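Spelled out from the first residue to the last, the chains are:
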Amino acid sequence: MDTPDLTLEELKVLREVNRTLDDLLEESLKAREGLAGTFKRVFPPTLRLLGARGIAVTTKNEELKEETFSHGEFGGVAPAQLIHSAGFGVRRLDTGDTLVSQSLDLVGHHVGSLGLVFAGDRTKDAARLSLLVETVAEELDTVLASIQTAAEKHQLLVAVNHSLANRVFEIGMDGAVRAMCEQVKLPGFCLLYRDAVESGAVHYRIYKYGQLEYASNGRALEPLAEAIKRFGPALVAAHDKHLKEVWGDRRAVETVLISGFSEAGTLGKILVWTTSGESFSAYTMDLLHLLASTLSQRLIDYNRERIHLSQFFSTATIDKLLKDPDYERRYLDPRAEDIGILFADINGFTRICEQVLERPERIGTFIDDWSEEAVRIVHRYGGVFDKMVGDCIIGLWGPPFFSDSPAERAAAALKAAIDIQRFTRETMSAHPEVSRLSEIIKLPGLGVAVGVNLANSFCGLFGPNRNYTSFSTGMNQTARLQSLGGFRETLVMDSALDALRALKDPQLEALRFGPLQETPVKNVAHPLRYAKLLD
């Protein structure tokens, strides 16, 4: 339709419509009115200025549900039905009035429909009426698009938060990306994040149109796996370009960081790409930043959970626990079970501190070096690191899954004791801080006294800090047993020895033990019955 030549009076009307609607919409925005309030403010003046009988807008409301808002007379016909009963344009109604309707669009994005009813047959004046209605539409479509965009972002935030609330991080992440892809088209999406427990480890999840395609704990993407081996945590740095190179021809067009307060605190990186290398819209980038912000907090919480569990459990055990959203109740609630127990204490440590290490910082560094490997050995044999008391470490076998037999728990505790003895004797004796041992306190290197037991105990998370530990007379017995051990001696309680005999394990069968001994100890009702492991 050709643009009509407007009279001066008609131009004044258009200018007045623009000015009035601008003012009304600004007032509505300042008052923080919803759609219903906005239209209640805008519709009556619009009808008066245009000389129309009725006005109706069909659009998505704040809950993104289609709703029709109207004011005035429509000849007894429902406004929504009237607008949608025929295509957009100018037409005469059965009532004899004229309907002018058109789509509300912003940059090609449909946000609703607008219709105005004028009294009588005005079809001969179609071009002028269309221009009037278009003027109103231009004022409304921006507002409606803004409201719908805000509603879509809010709904996405709710959906993302709902997904990420899942105790299983990977499942929550998958749901969050699916929610994102329901709003915008994302051919490629990659989350790369550091492991909070293993400093050099990096994990990834890669999606194609919202569906998981590759994962570090599933189907591997070999080029990315190789890049992680080569560059490690450096890949998540803000200015690192190696991650983009993995995708080659599928050019990554934007990177969104999930960062801590500094480069060293970077949690991970989001990378998105298109199949054609085209840029993403501002709307898409807004949603990506929204997802990144929410995911950043979830990663912080996830890492905090992993770090807490790493005080007691190996990485493999943590991974298994966190796959169960109910893991605390199922596996960490206190329960009574027969468990393997190990106490390992450095021989003569008080003398070593006073006469060899001397300074507190040297003592602390030495204990860190020894205990780090000792705990690693406990974990290697499937044990739980209970705690460290002075220079004594305590390990438990059985928790948290209790999937093996009591005999196997005792065997694992004994094997860990053997390795801790070997590591202390061979590796720690060569430690720079220990080289003067033989000269000063006449010891041929470093040694540990170890007690191994199999006893019923109450295991689980206890106390305000939710530490995983165990309580029983068996724990007290093992502590007393360890205190009886001499230089580089491993003492094994009779309960553990009896259980070991039931196993057909060549390594255990090759071990030799001294005669069974019985020793009364303070604050324990019955004498301890045990045997010494012979070299």
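The structure reproduced in this document is the subject of the present report.

Rules of the game
Residues numbered from 1 in each chain as written. Predicted model: local features only at pLDDT ≥ 70, side-chain atom pairs only at ≥ 80, totals over all residues. Heavy atoms only, no water. Helix = DSSP H or I, 4+ residues; strand = E, 2+ residues; numbered from the N terminus. Rg over C-alpha atoms; globule rule 2.2 N^0.38 Å. Buried < 20%, exposed > 50% of the residue type's maximum accessible area, 1.4 Å probe, protein only. Contact = heavy atoms within 4.5 Å. Areas by Shrake-Rupley, 256 points an atom, 1.4 Å probe, with all protein chains shown as cover. Pairing = 2+ DSSP bridges. Axes fitted to C-alpha atoms, helices over the stretch in contact; angles between N-to-C directions. Phe/Tyr/Trp six-rings, centres within 6.5 Å; stacked < 30°, edge-to-face > 60°. Lys NZ or Arg CZ within 6 Å of the ring centre and 35° of its normal. Parallel < 35°, antiparallel > 145°, perpendicular 65-115°, else oblique. Left-handed = near helix turned anticlockwise from the far one by under 90°. Core = buried A, V, L, I, M, F, W, Y, C linked by side-chain atoms within 4.5 Å.

### Some points on the overall build of the chain
And then number 1: A tally of regular secondary structure across the chain gives 17 helices and 19 strands.
And then number 2: For 535 residues, the compact-globule estimate of 2.2 N^0.38 gives 24 Å, and the chain exceeds it by more than 25% at 37 Å.
And then number 3: Split into buried and exposed, the 535 residues of the chain put 49% on the buried side.
And then number 4: Long-range pairs, those at least 24 residues apart, make up 62% of the contacts in the chain with a sequence separation of at least 6.
And then number 5: For the chain, the exposed area adds up to about 26100 Å²; of that, 50% sits on carbon and sulfur atoms.

### Describing the sheet that holds strand S4 (residues 98–106)
As a general point, the strands of a sheet are linked pairwise by backbone hydrogen bonds and lie either parallel or antiparallel.
And then number 1: As summarised here, the arrangement of the five strands in space is S2-S1-S5-S4-S3, forming an open sheet in which the pairing is antiparallel. Single-partner strands in this sheet number two, and they are strand S2 (66–72) and strand S3 (89–92). This sheet shows a mean twist of 15 degrees between the axes of neighbouring strands, independent of strand direction.
And then number 2: For S3 and S4, the ladder comprises four bridges, and the chain directions are antiparallel. Across the sheet, the residue bridging to Gly-89 is Ser-101, located in S4.

### Looking at the packing of aromatic side chains
And then number 1: In total, this model carries eleven aromatic pairs according to the counting rule given.
And then number 2: Ring centres 4.8 Å apart and planes at 15 degrees place the aromatic pair Phe-39 and Phe-43 in the stacked group. Taken as a pair, Phe-39 and Phe-43 lie in helix H2 (residues 35–50) at a separation of four residues, close to a single helical turn.
And then number 3: Accessibility expressed as a relative area gives 3% for Phe-39, which makes it buried.
And then number 4: With centroids separated by 5.1 Å and ring planes inclined at 45 degrees, the aromatic side chains of Phe-39 and Phe-69 adopt a geometry described as tilted. Here Phe-39 is found in helix H2, whereas its partner Phe-69 is found in strand S2, with 30 residues between them in sequence. Both residues of the pair, Phe-39 and Phe-69, belong to the buried class.
And then number 5: Aromatic ring contacts, followed pair by pair, group Phe-39, Phe-43 and Phe-69 into a single cluster.
And then number 6: For the cation-ring pair, Lys-320 lies above Phe-401, with the distance from its terminal atom to the ring centre recorded as 4.3 Å.

### Topic: unusual backbone geometry
Note on backbone geometry: most residues besides glycine have negative phi, and most peptide bonds are trans.
And then number 1: The omega torsion of the bond from Pro-399 to Pro-400 falls at -5 degrees, within 30 degrees of zero and hence cis.
And then number 2: Within the fold, Pro-400 resides in the loop between strand S13 (392–397) and helix H13 (406–427).
And then number 3: With phi around 60 degrees, Leu-64 is a residue other than glycine that occupies positive phi space.
And then number 4: Tracing the backbone shows Leu-64 in the loop between strand S1 (54–60) and S2.
And then number 5: For Arg-488, which is not a glycine, the phi torsion comes out positive at approximately 55 degrees.
And then number 6: Inspection of the secondary structure assignment puts Arg-488 in the loop between helix H15 (473–484) and strand S16 (490–493).
And then number 7: When its relative accessible area of 23% is taken as the criterion, Arg-488 is described as partly exposed.

### Looking at the packing of helix H11 (residues 349–357) against helix H12 (residues 360–380)
And then number 1: Following both chains from N to C, one finds H11 and H12 inclined at 130 degrees, their axes separated by 10 Å at the closest point. With respect to H12, the axis of H11 lies oblique. For the pair H11 and H12, the sense of crossing is right-handed. For the pair formed by H11 and H12, the contact residues are Phe-349, Cys-353, Val-356 and Leu-357 on the first element and Arg-362, Ile-363, Phe-366 and Ile-367 on the second.

### So, the nonpolar core
And then number 1: In terms of nonpolar packing, the biggest core is built from 51 residues, with Leu-186, Phe-189, Phe-313, Leu-332 and Tyr-468 touching the most fellow members.
And then number 2: With nine residues, helix H8 (residues 282–309) is the single largest residue contributor to this core.
And then number 3: One finds Ala-344, Phe-366, Ala-374 and Leu-503 within the second-largest nonpolar core, a separate group that totals 45 residues.

### Focus: the pairing of strand S6 (residues 188–194)
And then number 1: When you tally the buried positions in S6, you get six out of seven residues, the bulk of the element.
And then number 2: Note that S6 and strand S10 (residues 268–273) share six bridges and pair antiparallel. Across the sheet, the residue bridging to Tyr-193 is Gly-268, located in S10.
And then number 3: Note that S6 and strand S7 (residues 202–208) share six bridges and pair antiparallel. If you follow Arg-194 over to S7, its bridge partner there is Val-202.

### Examining the environment of Arg-298
And then number 1: Its place among the elements puts Arg-298 in helix H8.
And then number 2: With relative accessibility at 10%, the residue Arg-298 sits in the buried group.
And then number 3: For Arg-298 and Ala-455, which are 157 residues apart along the polypeptide, the C-alpha to C-alpha distance reads 40 Å.
And then number 4: When near neighbours in sequence (up to four residues on either side) are disregarded, Arg-298 contacts Leu-164, Asn-166, Arg-167 and Phe-169.

### Regarding the pairing of S7
And then number 1: Judged by how many residues are buried, S7 sits mostly within the fold: five of seven residues are covered.
And then number 2: Note: S7 against strand S8 (residues 211–215), four bridges, orientation antiparallel. Following the sheet pairing, Tyr-207 is matched in S8 by Leu-212.
And then number 3: Hairpin geometry of S7 and S8 is characterised by an intervening segment of two residues between the two adjacent antiparallel strands and by a positive phi of about 50 degrees at Tyr-209.

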